[in-house]
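Next come the chains, spelled out residue by residue.
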Amino acid sequence: MSAITGIVNFNQDEVGIQQGSELMRSLQKYPSDYVHTWNKGKVFLGCHGQWITPESIEERLPFYDSERKLAITADAIIDNRQQLFDSLQVDYALRKKMFDSELILQAYRKWGVESPKYLVGDFAFMIWDENKQLLFGARDFSGTRTLYFHRSAQQFAFCTVIHPLFTLPQIEKKWNEQWLAEFLAIPLTVDAMDCNATVYENIEQIPPAHSISVVDGKVSFSQYCTIKAGEKLKLKSNEEYEEAFRDVFQTAVTARIRTHHQVGAHLSGGLDSGSVVSFAAKALSEEKKRLHTYSYVPVADFADNWTPKSRYSDERPYIESTVEHVGNINDNYLDFPDISPLSEVDDWLDTMEMPYKFFENSYWLKGIYEKAHQQGIGVLLNGQRGNWTVSWGPAIDYQVLLMRKLKWIRLHHELSQFCSKMGVNKSRVLSVVGKKAFPFVGRMLSPKQQIEQFPMLINSQFAHRTNIQDKLREHGFDNTDYTYQSSYDIKKKHFAQPFSWNLNGTIGTKLSLRYSLWERDPTNDLNVVRFCLSVPEDQYVQNGVDRALIRRATANYLPDNIRLNQKTRGVQGADGVHRMVPSWPAFINEIQMLIKDPVVAPYLNMVEIKSALSKIQAAPKPQYVYEFGFRILMRSLIFYRFLKRTA
């Protein structure tokens, strides 16, 4: 794992020592196992390296192959090493200790600019091909690692993070107003729809699943990977699907515990993280290593008397059940009593280098990284992509699918089984299914139904000037009413639109550099994703059971109260406002200052902000944490602080 950087001059001038040194000096804020550079004429490459995998120990990047005149700097962990060894016919004696960067370079030697499509793992790399005078690089399919760049008529410069690029004299720190408009207008936690853009006008990024080629000052991109459902997998029985799932998932998990440090994992009370933990603990036991789990729990004085019965804010009893059942786990329960969503804003702005929206979980996410770093963790597992891959299976929308296909016998069976297991009224569920299956009928039957819409945070004049509404409609963000939307349509868009993947990579890369550990998600493994997309839908919902495949496949891996729990789910960050009680007057005061500040006035919808403030300023009620008004105020405050810091 590394922070990488580099410069290529187009005018044949040598890269000045000062420019390269300034780039590298800016990376000193991150811990490192080594710092190394390579410079030849008009090209400079650098690496601020951290050793994570056993093979990476003693690795020195950039690496220059003088025989083939190829230089590489890389931020990468490659997971399909064995497959690549075989395809590249690597000598068996060399395989065990071969660096992942060397494997990437060998792939480039064989497949050239097509090489990224053969790589499975988390990566961002740049290769200087001296013979072709080509700078070539790529970012993995889901953008797990970031790679930013600046281009001008004279120079191309790149870096894993943004701030070092501003040490170059020609780069002006100017806001990208189109990015700001997208950030403010999108109601979800997605930061922007344009994956090439950043918050700064003169800084771009390589989009997920894309490669980049720079020749004679010309920059071009190529999307080397698209994720879509292909031919459906046809097996003979449930047991064969379960075995196939366990095989591909265990392979993905085992590949991601490859480290000479300790292995950790996020653990909640649900299926996704529980499944990752159960497969990882099993694999680690064979290495005689224990898995360290990290779980957020609410502060001791938080009383949850407002969340729905289907939700629980304290997941500790469920987590303990998983830990006891799985075994080989050192569990950590962390409540972080001295921090809140507000207390961590400045630190997160430093880390992210841009405004962010995920304040509800920000404090405990950062806290887990800190604790894992203190305990010598090198890899921190999670299951963030699980809802769309391994634990897919929406029961209601599957019934909608059956109704649309007029499969009445199957629909009757699934509906009856679902209602029996959930203890709900059959006619009520059938009404919901019918309205979703035929939304035009649903709207006719319930024309007065009012769905609360997320308030528009962007200033209307700014929105008009940037034409943001058309772009929102183009990408389906103009409507936050999910009443009649199908989960299948949402899932299809999720995999088709790279911006859906971008944020997790930004968070993971920047936290990993800061805390010298690598967050890895087996539910986001390329082979796991492709496998899950190939599985027939009747494996995911079966006999009224949602998320059916993972529930069946984890028999003996997870306790039944986790594996078979359809009725309740954990809700994280429920004590966020409760934590802010001591700082509530300061929070309200800062919002009032924001309303009066001319710096932010052209960007924010002050009418909505004033309205939200009037409703909550009197007293901090814990239930505000998931209400739109509080979210609007926190997002505004974060945006405001970013502008003030960078103005």
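Residues numbered from 1 in each chain as written. Predicted model: local features only at pLDDT ≥ 70, side-chain atom pairs only at ≥ 80, totals over all residues. Heavy atoms only, no water.

Comments concerning the overall build of the chain
Where we set the bar: Strands are runs of DSSP state E lasting at least 2 residues, helices are runs of H or I lasting at least 4, and numbering of each runs from the N terminus. Radius of gyration here is computed from C-alpha atoms only, and the compact-globule reference equals 2.2 Å multiplied by the residue count raised to the power 0.38. Exposure categories follow from relative accessible area, calculated using a 1.4 Å probe and restricted to protein chains: below 20% of the type maximum is buried, above 50% is exposed, and the middle band is partly exposed. Contact criterion: two residues are considered in contact whenever any of their non-hydrogen atoms come within 4.5 Å of each other. In short, Shrake-Rupley with a 1.4 Å probe defines the accessible areas, and a residue's cover is counted only from the protein chains shown.
Summing up its helical and strand segments, the chain has 26 helices and 19 strands in all. Computed over C-alpha atoms, the radius of gyration of the chain comes to 25 Å, within 12% of the 26 Å expected from 2.2 N^0.38 for 647 residues, which places it in the range of a compact globule. If one aligns the C-alpha atoms of the chain with their principal axes, the spans along those axes are about 75 × 65 × 45 Å. Relative to its 647 residues, the chain shows a buried fraction of 60%. Put simply, of all contacts in the chain between residues at least 6 apart along the chain, 74% involve residues at least 24 apart. For the chain, the accessible surface area stands at approximately 26800 Å², while carbon and sulfur atoms represent 50% of it.

Details of the pairing of strand β9 (residues 155–159)
The side chains of a regular strand alternate, first on one face of the sheet and then on the other. Rules: For two strands to pair, DSSP has to find at least two bridges joining them.
Counting buried positions along β9 gives five out of five residues, so the element sits mostly inside the fold. Burial of β9 is two-sided: the residues Gln155, Ala157 and Cys159 facing one way and the residues Phe156 and Phe158 facing the other way are all buried. Relative to β9, strand β1 (residues 2–9) runs antiparallel, the two sharing five bridges. Across the sheet, the residue bridging to Gly6 is Phe158, located in β9. In this sheet, β9 lies alongside strand β8 (residues 148–151) in antiparallel orientation, the contact comprising four bridges. Within the sheet, the bridge partner assigned to Phe149 lies in β9 and is Phe158. The antiparallel pairing of β8 with β9 creates a hairpin that spans three residues between the two strands.

Focus on the sheet that holds strand β5 (residues 70–78)
Applied cut-off: In this analysis an axis means a line fitted to C-alpha atoms, helices contributing only their contacting stretch, and an angle means the value between N-to-C directions, from 0 to 180 degrees.
Taken in spatial order, the six strands make up an open sheet running β4-β5-β6-β7-β11-β12, and their pairing is antiparallel. Two strands bound the open sheet, and with one partner strand each, they are β4 (63–65) and β12 (218–223). Across this sheet, the average inter-strand angle for adjacent strands is 20°, counted without regard to direction. Note: strand β7 (residues 134–139) against strand β11 (residues 210–215), five bridges, orientation antiparallel. Counterpart to Ala138 in the pairing with β11 is Ser211. Packed onto the sheet, helix α4 (residues 100–111) meets β4, β5, β6 (121–129) and β7 and runs at close to 120° relative to β5.

Quick notes on helix α2 (residues 81–88)
Filter applied, for reference: The arc in question is the one spanned by the directions pointing from the helix axis to the C-beta atoms.
Looking only at α2, the buried set comprises Arg81, Leu84, Phe85 and Leu88. Take α2 and look down its axis: the buried residues cluster within an arc of 105°, on one side only. Packed against the buried residues of α2 are β5, α3 (92–95) and α4. Just downstream of α2, Gln89 is the residue with a positive phi angle, here 55°.

Focus on the sheet that holds strand β16 (residues 329–334)
The pairing of strands in a sheet happens through backbone hydrogen bonds and is either parallel or antiparallel. Overall, parallel pairing links the five strands, which are arranged β16-β14-β13-β17-β18 in an open sheet. The two strands at the open ends of the sheet, each matched to only one other strand, are β16 and β18 (518–520). Across the sheet, the axes of successive neighbouring strands diverge by a mean angle of 25°, strand direction being ignored. Sheet topology places strand β13 (residues 262–266) next to strand β14 (residues 291–296); four bridges connect them, and they run parallel. Within β14, the position partnered with Ala265 by the bridge is Thr293. Sheet strands touched by helix α8 (residues 316–326): β14 and β16. Its angle to β16, the strand with the most contacts, is close to 170°.

Here's the deal with the packing of helix α11 (residues 395–404) against helix α12 (residues 408–422)
For clarity, the threshold we go by: For this classification, under 35 degrees means roughly parallel, over 145 means roughly antiparallel, 65 to 115 means roughly perpendicular, and everything else is oblique. Throughout, a crossing is termed right-handed when the near helix is turned clockwise from the far one, and left-handed when it is turned anticlockwise from it by less than a right angle. When residues are sorted by character, Ala, Val, Leu, Ile, Met, Phe, Trp, Tyr, Cys and Pro go into the nonpolar class, Asp, Glu, Lys and Arg into the charged class, and all the rest, Gly among them, into the polar class.
Two elements in contact, α11 and α12, have axes whose closest approach is 9 Å; the angle formed by their N-to-C orientations is 160°. Between α11 and α12, the interaxial angle falls into the category roughly antiparallel. As for how α11 packs across α12, the hand of that crossing is left-handed. On α12, the residues touching Ala395, Ile396, Tyr398, Gln399, Leu402 and Met403 of α11 are Trp408, Arg410, Leu411, Glu414, Leu415 and Phe418. In terms of residue class, the contact of α11 with α12 is built from nine nonpolar, one polar and two charged.

Structural notes on the nonpolar core
Most often, soluble globular proteins have nonpolar side chains that are buried together. Under the convention used in this document: Buried Ala, Val, Leu, Ile, Met, Phe, Trp, Tyr and Cys residues that are joined via side-chain atoms within 4.5 Å together make up what is termed a nonpolar core.
Grouped together as the largest cluster of nonpolar side chains are 98 residues, with contacts concentrated most on Phe587, Ile609 and Phe630. The biggest single contributor to this core is helix α26 (residues 628–646), with eleven residues. Core analysis: the next-biggest nonpolar cluster, separate from the first, contains 58 residues, Phe249, Ala281, Leu291 and Ile562 among them.

A short note on the pattern of salt bridges
For clarity, the threshold we go by: Just to be clear on terms, a salt bridge is a Lys or Arg side-chain nitrogen sitting within 4 Å of an Asp or Glu carboxyl oxygen.
All chains considered together, the criterion is met by 39 salt bridges. With its nearest N and O atoms 2.6 Å apart, the salt bridge here joins Lys471 to Glu182. Placement of Lys471 in helix α16 (residues 468–474) and of Glu182 in helix α5 (residues 177–185) is noted, with a sequence separation of 289 residues between them. With its nearest N and O atoms 2.8 Å apart, the salt bridge here joins Arg641 to Glu590. Of this pair, Arg641 sits in helix α26 while Glu590 is found in helix α24 (residues 584–596), placing the two residues 51 residues apart along the sequence. Like Arg641, the residue Glu590 is buried in the burial classification.

Here we look at the pairing of strand β2 (residues 34–40)
Strand direction decides the pairing type here: β2 and strand β3 (residues 43–49), joined by seven bridges, are antiparallel. Of the residues in β3, the one forming a bridge with Lys40 is Val43.

Quick look at helix α25 (residues 606–616)
Taken together, the buried positions of α25 are occupied by Met606, Ile609, Ala612, Leu613 and Ile616. Each buried residue of α25 lies within a common arc of 125° when the element is viewed along its axis, so the set occupies one face. Opposite the packed face of α25, turned more than 90 degrees from it, sit the exposed residues Val607, Ser614 and Lys615. At its buried positions, α25 is contacted by α24 and α26.

A short note on the packing of aromatic side chains
What counts here: Only Phe, Tyr and Trp rings take part, Trp by its six-membered ring, and two of them pair if their centres are within 6.5 Å. Stacked means planes under 30 degrees apart, edge-to-face means over 60, and tilted covers everything else. Consider the ring centre and the ring normal. A charge sits over the ring if Lys NZ or Arg CZ is within 6 Å of that centre and within 35 degrees of that normal.
A full pass over the atoms with the stated rule returns 34 aromatic pairs. Ring geometry for Phe454 and Phe628: centres 4.9 Å apart, planes at 65°, overall edge-to-face. Taken together, the residues Phe454 in the loop between α14 (439–445) and α15 (460–466) and Phe628 in helix α26 connect sequence positions 174 residues apart. Phe628 shares its class with Phe454; the two are buried. Here a set of aromatic residues connected by ring pairs shows up, and it is made of Trp175, Trp179, Phe183, Phe462, Tyr603 and Phe639. Over the aromatic face of Trp518 sits the side chain of Arg145, whose NZ or CZ is 3.9 Å from the ring centroid.

All we've got here are geometric facts, nothing functional implied.
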